[in-house]
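Chain and residue survey
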Amino acid sequence: MSADTAAVNLLEVRGLTKIFGSLKACDAVDLTIRKGEIHALLGENGAGKSTLVKMLFGSLEPYSGEIRWNGQPVKIANPNAARKLGIGMVFQHFSLFEALSAAENIALSLDDQTPISTIAAKAQALSYSYGLPLDPYSLVGDLSVGERQRIEIIRCLLQTPDLIILDEPTSVLTPQEADKLFETLERLRAEGKSILYISHRLEEVKRMCDAATVMRHGKVVAHCDPRQETAASLARMMVGSEVHAVVRAPIEGIETAEALLEVRNLSRKPATPFSMPLKNISLNVRAGEVIGIAGVAGNGQGEFFEAVSGEAMQLEAGTVRIRGQDAGKLSITGRRLLGAAFVPEERLGHGAAPRMKLSENLFLSRYATDSKAFLGPGGVVKESAIDAATQRIVQEMDVRKSARDPEAAALSGGNLQKFIIGRELDRRPTVMVVNQPTWGVDAGAAAKIRQSLIELARSGSAVLVISQDLDELFEISDAISVMHNGELSRPLPRAEATLEKIGLLMGGAEPGHVDHGLESV
Amino acid sequence: MIEQILITIATAATPLLIAAIGELVVERSGVLNLGVEGMMIMGAVTGFGVALTTGSPWLGVFAAILVGALFSLLFGFLTLTLVTNQVATGLALTLLGLGLSGMIGEAFVGQPGVKLAAIYIPGLTDIPFVGRLLFGQDPLFYVSILLTVGVAWFLFRTRAGLTLRSVGDNHGSAHALGINVIGIRYLAVMFGGACAGLAGAFLSLVYTTQWIENMSAGRGWIALALVVFASWRPLRVLAGAYLFGAVSIGQLHAQALGIGIPSQLLSALPYLATILVLVLISRNRRLTMINTPASLGRPFVPDR
């Protein structure tokens with residue numbers, strides 16, 4: 001290697017491979033990051049991006065391959081070694097400690113014995129200089145997701161790294177918070193630092209990144225300049241085939257349609273010290289429409305879903321009404337019997353029992369509502385009927401699996417989610433409530449799920465979708481409400497809702513003062 | 001008379017305090033070791049035996065600490081390296097300790113033991129009323145107080161203590177930061193074992209200077225309960241241990257006076273009173289939540 005390339009290239013990865021059991025999570029991956037560039041790492045869930053960066057940060061040991069840092073071959077044995085080289089990382093699933101303060105969290109990743117008070121002062125000064133204000137003594141458990149990410153970034157910057165790895169940093173931010181992050185990143189680039197930016201949001205990659213590496217099924221499929229590509233061409237590289245756009249037929253006469261799901265003045269006290277109280281939430285979902293609920297994670301969406309689905313019962317029966325009947329004091333099964341269906345956020349353990357077969361999971365959630373079909377005399381389980389229904393759902397939703405009736409945990413996240421959604425759709429529910437329908441699901445499966453939700457609504461059901469993915473909500477919703485701090489905004493019809501308006505509401509702007517621009521935030 | 005009662009209370013509270021402080025450190029690192037009773041009784045029999053054969057109570061104390069730590073190392077190897085179930089392994093450790101100590105101690109039954117002498121500082125110890133209370137108790141009493149203050153300082157004022165708490169709060173995040181989760185847990189488990197061994201030595205070298213089978217009499221379990229009800233705060237463990245000691249001694253005096261309350265009910269009083277008081281001071285759910293090690297009892301297997 002010539003001295004020239006070493007002077008320009010900060011990091012060179014050649015043939016890096018990682019094998020888990022029989023799966024090649026990373027297969028001979030090449031990656032070159034130059035000094036002072038923002039380099040995008042693109043790929044769908046399960047493409048091997050996280051595995052690759054974990055090897056770069058020393059949390060995983062490569063099976064084979066070479067890593068060169070400033071032209072020198074290096075072995076990164078653990079995260080401390082990575083930090084010593086000058087590699088910093090902002091994790092996707094935050095590596096923070098909820099019971100500790102921001103300053104204590106930062107101190108844990110610094111090796112020296114600097115007193116906490118000094119670290120707190122340094123962190124605060126640095127956070128203000130980058131426009132990411134932070135109270136170092138606040139408890140992480142009390143902070144919003146955006147604030148937690150600031151801690152991660154400040155913690156990373158305090159180590160003065162040359163390469164900063166950001167794993168899906170904007171997936172939890174409001175559009176305005178994301179803009180702020182981009183400013184910070186551009187400033188870091190101007191200071192000569194390199195950034196490895198992992199994302200599946202193509203627009204922001206096109207807007208900001210100087211180079212891109214695209215991965216699929218553990219292999220690098222392309223090195224390209226994202227500014228020369230279109231979002232569609234990048235998507236094709238990631239997915240390997242065309243992604244069908246979701247079609248949303250217009251609805252008419254929705255004003256006069258019957259409200260199938262009504263939430264009236266729903267309030268809820270926090271169930272745990274770190275959970276969000278719900279404040280006087282009212283919402284109607286009418287036959288034929290899809291209502292989306294946007295919001296930054298942790299603003300009460302989970303608590304709201306529990307209250308609507310019956311995981312948490314209400315004190316007054318009238319706060320949740322399904323098809324005109326009071327359901328606030330009914331259990332989940334009681335609400336299902338009224339024609340409602342629910343899909344929780346957490347697939348394994350909540351939406352499905354991981355160690356049970358798909359058919360058993362189907363039976364568990366539907367034995368009460370479909371007792372005639374699935375139960376014979378004396379409560380004997382009709383296995384053939386359940387098996388037929390399972391195969392019908394698998395076919396309808398294109399669930400890919402290795403056996404005829406595997407355990408739920410054996411499916412990939414996207415395929416299990418297709419099955420869970422299909423299990424509920426198969427009942428033709430009149431009210432469908434879904435929390436994060438496509439979280440961690442690949443683009444092809446996500447399009448399938450979204451299309452089926454729209455079709456369910458258009459066939460006369462009421463559909464309520466809670467999601468952190470704004471693109472998704474804009475794709476499928478007829479109106480969008482925003483949940484912030486346990487309060488729900490009035491639904492904005494799709495035609496009026498802009499990314500900016502929704503973003504302001506997510507950041508906590510008053511519902512009535514949507515138009516005053518960014519200064520008021 | 002009052003001074004005498006106070007000293008008796010301290011004697012009842014000290015073994016609970018030492019064992020509970022050790023277990024507190026273990027649990028703060030995210031490991032639940034239910035083997036306290038077993039490690040304690042092993043400490044008791046070792047301390048007694050070594051003191052008896054060598055004639056030196058101090059050698060007995062050190063031997064008890066060592067055996068407690070080694071015994072807990074067995075627990076650490078099983079639960080941390082082989083990732084066995086912590087609850088089942090801890091229970092097995094208790095059963096093993098009780099059985100093994102009975103076997104080792106068979107020769108010591110009925111033998112007069114060696115007492116770890118109380119401190120005597122001329123002048124200070126002779127001060128009327130408070131002299132013996134403050135300057136004339138056995139050395140392990142002072143060790144227990146220093147241990148409590150030291151552990152509180154270590155956990156909340158030092159970087160190493162912060163690291164230990166972080167491992168107990170979220171071992172996945174700690175591992176991602178490059179903290180050696182398993183190594184820290186080994187050290188914490190061994191500290192807990194050493195403390196339990198020391199508490200056992202107190203029983204057989206100070207509390208009663210003889211070896212009796214099963215002489216720990218459930219104190220290891222009380223220590224475990226104290227840690228939980230004190231919401232993992234060292235100074236609350238101190239308060240709980242002394243409250244328990246006070247009510248135990250109080251009810252003995254009440255029984256001696258022949259108050260018309262069934263003795264079984266009086267015997268249960270220390271347990272009831274301690275749990276009640278600690279539950280009341282832990283009423284703040286937010287504080288309890290912050291202090292509860294979130295990874296407690298959860299097995300950790302790093303992926304490499």
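Residues numbered from 1 in each chain as written. Chains lettered and ligands numbered in written order. Predicted model: local features only at pLDDT ≥ 70, side-chain atom pairs only at ≥ 80, totals over all residues.

Some thoughts on the pairing of strand β3 (residues 38–42) of chain A
On any regular strand, side chains alternate: one points to one face of the sheet, the next to the other face. Residues and elements named next belong to chain A. Counted residue by residue, β3 has five buried out of five residues, so it is predominantly covered. Residue alternation in β3 divides its side chains into two sets, Ile38, Ala40 and Leu42 and His39 and Leu41, and both sets are buried. Two elements, β3 and strand β8 (residues 194–199), share five bridges in a ladder whose sense is parallel. Paired with leucine 41 across the bridge in β8 is isoleucine 198. By the bridge criterion, four bridges tie β3 to strand β9 (residues 211–216) in an arrangement that is parallel. Following the sheet pairing, leucine 42 is matched in β9 by valine 214. (Buried ≥ 20, exposed ≤ 12 C-beta atoms within 10 Å, placed from the backbone. Helix = DSSP H or I, 4+ residues; strand = E, 2+ residues; numbered from the N terminus. Pairing = 2+ DSSP bridges.)

Regarding the sheet that holds strand β15 (residues 325–326) of chain A
All names here are of chain A. Strand order in this open sheet of four strands is β12-β11-β14-β15, and the pairing throughout is antiparallel. Whereas interior strands pair on both sides, the edge strands pair on one side only; in this sheet they are β12 (278–286) and β15. In this sheet, β15 lies alongside strand β14 (residues 320–322) in antiparallel orientation, the contact comprising two bridges. Residue pairing in the sheet places isoleucine 322 in a bridge with glutamine 325 of β15.

Points about the packing of helix α2 (residues 36–54) of chain B against helix α3 (residues 57–81) of chain B
Residues and elements named next belong to chain B. At a closest axis distance of 7 Å, the pairing of α2 and α3 adopts a crossing angle of 145°. Seen along the crossing, α2 lies across α3 with a hand that is right-handed. Within the contact between the two elements, α2 uses Met39, Met42, Gly43, Thr46, Gly47, Phe48, Val50, Ala51 and Thr54 and α3 uses Pro57, Leu59, Gly60, Val61, Ala63, Ala64, Val67, Gly68, Phe71 and Ser72. For the contact of α2 with α3, the residue count by class is 12 nonpolar, seven polar and no charged. (Axes fitted to C-alpha atoms, helices over the stretch in contact; angles between N-to-C directions. Left-handed = near helix turned anticlockwise from the far one by under 90°. Contact = placed C-beta atoms within 7 Å. Nonpolar A, V, L, I, M, F, W, Y, C, P; charged D, E, K, R; others polar.)

Observations concerning the interface of chain B and chain A
Counting residues at the interface gives 18 residues for chain B, matched by 21 residues for chain A. Elements represented by at least two residues in the side of chain B that touches chain A include exactly α7 (159–169), α8 (171–176) and α13 (285–291) of chain B. Among the elements that take part in the side of chain B that touches chain A, α7 of chain B stands out by supplying six residues, more than any other. Looking at the side of chain B that touches chain A residue by residue, the classes come out as six nonpolar, five polar and seven charged.

Examining the confidence of the model for chain A
Summing up the model confidence of chain A, the mean pLDDT is 87 and the portion of residues at 70 or higher is 95%. Contacts for the low-pLDDT stretch residues 512–521 of chain A, under 50 throughout, to residues beyond four places or in other chains number 11 contacts. (pLDDT = per-residue confidence, 0-100.)

Comments concerning the domain arrangement of chain A
Looking at the assigned domains, one finds that chain A contains domain 1 (3–239), domain 2 (250–339 + 429–521) and domain 3 (349–428). Once you take the C-alpha centre of each, domain 1 of chain A and domain 3 of chain A turn out to be 39 Å apart. (Domains from an automatic or database assignment.)

Some details on the sheet that holds β3 of chain A
Residue and element names in this part refer to chain A. Taken in spatial order, the six strands make up an open sheet running β6-β7-β8-β3-β9-β10, and their pairing is mixed. Among the strands making up the open sheet, the edge pair consists of β6 (87–90) and β10 (219–224). In this sheet, adjacent strand axes meet at a mean angle of 20° when their direction is disregarded. Strand direction decides the pairing type here: strand β7 (residues 163–167) and β8, joined by five bridges, are parallel. The residue of β8 that forms the bridge with isoleucine 165 is leucine 196. Sheet strands touched by helix α2 (residues 49–56): β3, β6, β7, β8 and β9. Its angle to β7, the strand with the most contacts, is close to 150°. Against the sheet, helix α7 (residues 175–190) contacts β3, β7 and β8, and its axis sits at roughly 150° relative to β8.

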